[in-house]
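# Geometric and topological summary
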Amino acid sequence: MPAVRRRPAAVGATSLSIALAALALAGCADKAEDDAKGAVEVTATDSKCEVSKKEFAAGHVSFAVHNKGSKVTEVYVYGAGDRIVTERENIGPGTRATINAEVKAGDYEIACKPGMKGDGIRQKVSVTGKGAPKKTDPRLNKAVADYRTYTQSQADETIPVTQRFADAVKAGDVNKARSLYALSRIGWERTEPVAESFGDIDPKVDVREDGLEKGQDWTGWHRLEKSLWQAKKISADDKKLADTLMTDLKDWQKRVGKAEITPTSMANGAKELLDEVATGKVTGEEERYSHTDLVDFNANVEGAKKAYELLEPVASENNKALTATLDREFADIEKELAKYRKGDAYVSYDTVGKDKRKELSDAVNALAEPLSKLAAAVVVK
Amino acid sequence: MSDTADTEQRGEAPVDEADGAPRRRVSRRSLLGWTGAGVALGAGAVGGGVAVASLPEQRSQPSSGGEIAFYGPHQAGISTPVQDRLHFAAFDVTTDSRDELIGVLKEWTAAAAAMTAGRDVGEGAVGGLAEAPPDDTGEALGLPPSRLTLTIGFGPTLFEKDGKDRFGLAKRRPEALVELPAFPGDKLDPARSGGDICVQACADDPQVAVHAIRNLARIGFGKVAVRWSQLGFGKTSSTTPDAQTPRNLMGFKDGTHNVAGTDTAALDKHVWAAPGDGQDWMTGGSYLVARRIRMHIETWDRTPLKEQEDIFGRDKGEGAPVGKRKERDEPNLKAMLPTAHVRLAHPDSNGGAMILRRGYSFTDGTDGLGRLEAGLFFLAYQRDVRKGFVPVQKRLAANDALNEYIQHVGSAVFACPPGVRKSGEWWGQALFGDKR
């Protein structure tokens, strides 16, 4: 009778077939002649992108690119959801390049981008061999691709506004820098889990003073925040740090397209944005000097909602009750946030009392708990 | 309704005598309710006369791993034997939807039935989908039921708040569910008072009690939010008169003359709401008063022994009333000071009023002034608050010599419905008007 808690029978075996992109990248672009034999030839022109074979074996694959067009081109190999497996830029007219990559079984697209812009001219290819291709749902691949576009656009939009912020810092203009500070962070805050997946960028641009490791130099937004609001003046170091911030953010902009994104990582990324709100914003710790926490809060919610909306069509098929709850809770938290809207920004968080913070916290819990169940509703079975 | 069946069902696990411990020996473990290895103290340490027939409540694990039946005419956690640990939570209902609230109560009931039986919530803590968080939070994996009881109550604000009938329940509010009057000396913190719903989790293992509240809070997110909660580390009363009366943080046995869980006549008279008392949905239920009572233990500890004993009206070692030899000797109230705690709280001073006490000691860290944030989390069940706690507390608040050493800092009152009788029924079903 006094039963020891039973261990439930393993239910999850089949569900482990996650839609993890079925490939691992070991892109090394410069070993030109090593594996020329058996290479997949890619012939790029201004209007075509021809491949010598559309089906090849998994493992080490060389792509021998020949640009026969009149424009500089670039070639990308995309996995499901437009994840970049490997790429080579700046292939001049009439020149050749070889791109090597470890490619796992699955479906891919090779894109030539004459003029180095746009989505490119695409060719579908399939890679066979070890391990059957993972089952994918084209709608989810589309969701991942759209989300990837979103994260790229957020990075792209962040650069110019942060540049204005950096310029104000470098000009020693405290007031102007203050007015641009929170604005410059919105794109980052909307897509933070993706940016954080690189590991090395976040500690450079978004670390708080108490998050520093021993020996780590404090760089990034929050150090400038402290100067602007606490010291109320801009030092020579701060001006250099403004440039460092731009360098690091441009690195992010360049790499964000390579992030490993899957439907479940999108769903859990949305939940992580709410975790950010719960641990950093609701408490007022994130923007402890500027008190612009509600701007970040709103950006986190917007980013979570974007991921949710892209997954919603599939999720609602699998769990209608969940998406109904999420629709309602997103609306609720937006309503809650709207109470603090002031012009095109938000009231200073130090004016939000304990009772009100509790209300915001309750709204975050109300949304984050069902959001933590979204991943289960987009797992490809 | 049959109390007999109830008592049988909820009977305690038989005493394990394998350790051969002499019954007269009082262990530190059983004194303090700790579940660690018992350190035997000399019997003289507590006056020597604590001869008790059995000590079922002071068993450490695993013999306290038993299961208390969740289903029955009354909710478990009231007249059932008092466990060692408490986690009590008061919730605000945040949804405006009656259906959503009912949904939470149904989910809670299913989770409570599982957890009190020592099972995981939902599909469990492990073995589920790798990409999704498990249904159960997992910290109770491998632990026995630990006599976990979960007891729900509904506060006045569930029925009506700021003049608004929030869920169509206003006309079902029992008259006995009164807002408590302000008592002299109260210093109530609104953030530690009130609540639309409460859940009392009692268990012999604190981890099991906390696990229960945590999982219920998680299920409730978006519909209910924790308003305040309280941990209790040691029981201060017992509903099993054969067991030794536990001590409070002042070092005294207080609550000797409690309603016994086996005394069906007293329970019917003083604890369970009866047909005709008011709202029918409360028949078989009980009204709970919760008070967070801070004790100024540092000043208390500087008080001479004689004064301490006079304040309580008992001797400290045995717990005997003034002028008597044994704890359970009939007290001579007139021999005590007019301001003595026992005298003022005794039924004879209160027109026979009795309440079933089920409180716990707490120590919530320190108060920033170098003192323990300690006290008694007082819990009392009764048939009618107006005839139970209110008159007794009026008397105590006005006269009790103990008031110099205590302060009431939190307060709440709840209507605890009757028990869930069988699987498929849910907490509050009769209140919300569903046919049972």
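Source: prediction; values computed, not measured. (Residues numbered from 1 in each chain as written. Chains lettered and ligands numbered in written order. Predicted model: local features only at pLDDT ≥ 70, side-chain atom pairs only at ≥ 80, totals over all residues. Heavy atoms only, no water.)

### Some words on the overall build of chain A
What counts here: By definition, any uninterrupted DSSP run of H or I lasting at least four residues is a helix, any uninterrupted run of E lasting at least two residues is a strand, and each is numbered from the N terminus. Type-normalised accessible area, obtained with a 1.4 Å probe on protein chains alone, sets the label of each residue: buried when under 20%, exposed when over 50%, and partly exposed for intermediate values. Under the convention used here, a 1.4 Å probe and the Shrake-Rupley method define accessible areas, while residue burial counts only the protein chains that appear.
Along its length, chain A carries ten helices and eleven strands. Residues counted as buried form 51% of the 381 residues belonging to chain A. With an accessible surface of roughly 17,500 Å², chain A has 50% of that area assigned to carbon and sulfur atoms.

### Some points on the state of the cysteines
We count it as follows: Cysteine sulfur atoms are paired as a disulfide whenever they come within 2.5 Å of each other.
Using the criterion set out here, one finds one disulfide over all chains in the structure. Between C49(A) and C112(A) runs a disulfide, and the two sulfur atoms are separated by 2.0 Å. Measuring the twist about the S-S bond at about 55°, one finds the C49(A)-C112(A) disulfide to be right-handed. Here C49(A) is found in strand β2 (residues 49-51), whereas its partner C112(A) is found in strand β8 (residues 106-112), with 63 residues between them in sequence. On the basis of relative accessible area, C49(A) is assigned to the buried category, the value being 2%. The exposure class of C112(A) is buried, given its relative accessible area of 0%. A disulfide-free cysteine, C202(B) has its sulfur positioned 11 Å from the sulfur of C198(B), the nearest such atom. The closest cysteine sulfur to the non-disulfide-bonded C416(B) is located on C198(B), 5.0 Å from its own sulfur.

### Thoughts on the domain arrangement of chain A
Residue and element names in this part refer to chain A. Quick note on the threshold: Marked domain ranges trace back to an automatic or database domain assignment. Should any heavy atoms of two residues lie within 4.5 Å, those residues are considered in contact. For salt bridges, the criterion is a side-chain nitrogen of Lys or Arg within 4 Å of an Asp or Glu carboxyl oxygen.
Segmentation of chain A into domains returns domain 1 (31-128) and domain 2 (138-377). Between the C-alpha centres of domain 1 and domain 2 there is a distance of 35 Å. Listed as interface residues are six residues of domain 1 and, on the opposing side, eight residues of domain 2. The interface formed by domain 1 and domain 2 holds one salt bridge in total. Measuring nitrogen to oxygen at the nearest pair gives 3.3 Å for the salt bridge that ties K258 to E87.

### Structural notes on the sheet that holds β2(A)
Residues and elements named next belong to chain A. Note the cut-off: For two strands to be treated as a pair, DSSP must find at least two bridges joining them. Orientation is described by axes fitted as lines to C-alpha atoms, over the contacting stretch for helices, and by angles from 0 to 180 degrees between their N-to-C directions.
Reading across the sheet, the four strands line up as β2-β1-β4-β7 and stay open at both edges, with mixed pairing between neighbours. Every interior strand has two partners, whereas the edge strands, β2 and β7 (96-103), have only one. Geometrically, the sheet is characterised by an average inter-axis angle of 20° between neighbouring strands, direction not taken into account. Examined bridge by bridge, strand β1 (residues 40-44) and β2 share three bridges and lie antiparallel to one another. Paired with A44 across the two strands is C49, which belongs to β2.

### Regarding helix α9 (residues 320-338) of chain A
Residues and elements named next belong to chain A. So the rule is basically this: The span you would expect from a helix comes to 1.5 Å times its residue count less one. Of all possible arcs, the one meant is that of the directions from the helix axis to the C-beta atoms.
For α9, which comprises 19 residues, the first-to-last C-alpha distance of 27 Å matches the rise-based estimate of 27 Å (1.5 Å per residue) to within 8%. Along α9, the residues classified as buried are L322, T323, T325, L326, E329, F330, I333, E336 and L337. Considered in projection along α9, the buried side chains sweep an arc of 155° and stay on one side of the axis. For α9, the exposed residues set more than 90 degrees away from the buried face come down to K320, A321 and K335. The elements touched by buried residues of α9 are α7 (263-281), α8 (293-318), β10 (341-342), β11 (345-346) and α10 (354-371).

### A look at the packing of aromatic side chains
All names here are of chain B. Heads up, the rule is: Two rings from Phe, Tyr or Trp (for Trp, the six-membered ring) form a pair when their centres sit within 6.5 Å of each other. Planes less than 30 degrees apart are called stacked, planes more than 60 degrees apart edge-to-face, and all others tilted.
Taken as a whole and assessed by the stated rule, the structure comprises 24 aromatic pairs over all chains. An angle of 70° between the planes, with centres 6.0 Å apart, marks the rings of W228 and F377 as edge-to-face. Of this pair, W228 sits in strand β6 (residues 224-232) while F377 sits in strand β11 (residues 372-382), placing them 149 residues apart in sequence. Exposure remark for W228: the relative accessible area of 7% places this residue in the buried category. By relative accessible area, which is 1% here, F377 ends up buried.

### Topic: the UniProt feature "domain: Dyp-type peroxidase N-terminal" (unreviewed entry) in chain B
What counts is decided by this rule: UniProt positions are given in the numbering used here, feature names are shortened, and annotations may be inferred rather than shown by experiment.
Per the UniProt record, "domain: Dyp-type peroxidase N-terminal" (unreviewed entry) is annotated on residues 75-233 of chain B. Along residues 75-233 of chain B one finds 24% helix and 19% strand; the C-alpha atoms at either end are 22 Å apart.

### So, the pattern of salt bridges
A full pass over the atoms with the stated rule returns 48 salt bridges over all chains. R292(B) is the salt-bridge partner of E373(B), the closest N and O atoms lying 3.1 Å from each other. Pair noted here: E373(B) is in strand β11 and R292(B) is in strand β8 (residues 286-295), with a separation of 81 residues, a long-range link. A salt bridge links R371(B) to D367(B); the nearest nitrogen and oxygen atoms lie 2.8 Å apart. Residue classification places R371(B) among the partly exposed residues on the basis of a relative accessible area of 35%. When salt bridges with common partners are traced through the structure, they connect R185(A), E189(A), D206(A), R208(A), E276(A), K281(A), E286(A), E287(A) and D296(A) into a single cluster.

### Overview of the domain arrangement of chain B
Residues and elements named next belong to chain B. For clarity, the cut-off: When two parts are put together, the accessible area they lose, computed with a 1.4 Å probe and summed over both, is reported as buried area. As used in this structure description, the phrase polar contact means that two N or O atoms lie within 3.5 Å; if the pair is within protein, one of them must be able to donate a hydrogen and the other to accept it, and residues adjacent in sequence are counted only when both atoms belong to side chains.
As far as domains go, chain B holds domain 1 (1-155 + 196-234) and domain 2 (164-193 + 236-422). Each partner contributes residues to the interface: domain 1 has 58 residues there, and domain 2 has 58 residues. Where domain 1 abuts domain 2, roughly 4,400 Å² becomes buried across the two surfaces, and 58% of that area is made up of carbon and sulfur atoms. The largest per-residue losses of area from domain 1 upon contact with domain 2 belong to I78, W228 and Q230, which jointly make up 15% of the total buried on that side. A salt bridge links D196 to R166, with the nearest nitrogen and oxygen atoms 3.0 Å apart. Our count for the domain 1 to domain 2 interface comes out at 24 residue pairs in polar contact (both at pLDDT 80 or more). Sorting the residues of the side of domain 1 that touches domain 2 by element identifies α1 (3-9), β3 (85-93), α3 (98-116), β4 (149-154), β5 (197-203) and β6 as the ones contributing at least two each. Among the elements that line the side of domain 1 that touches domain 2, the one with the most residues is β6, at six residues.

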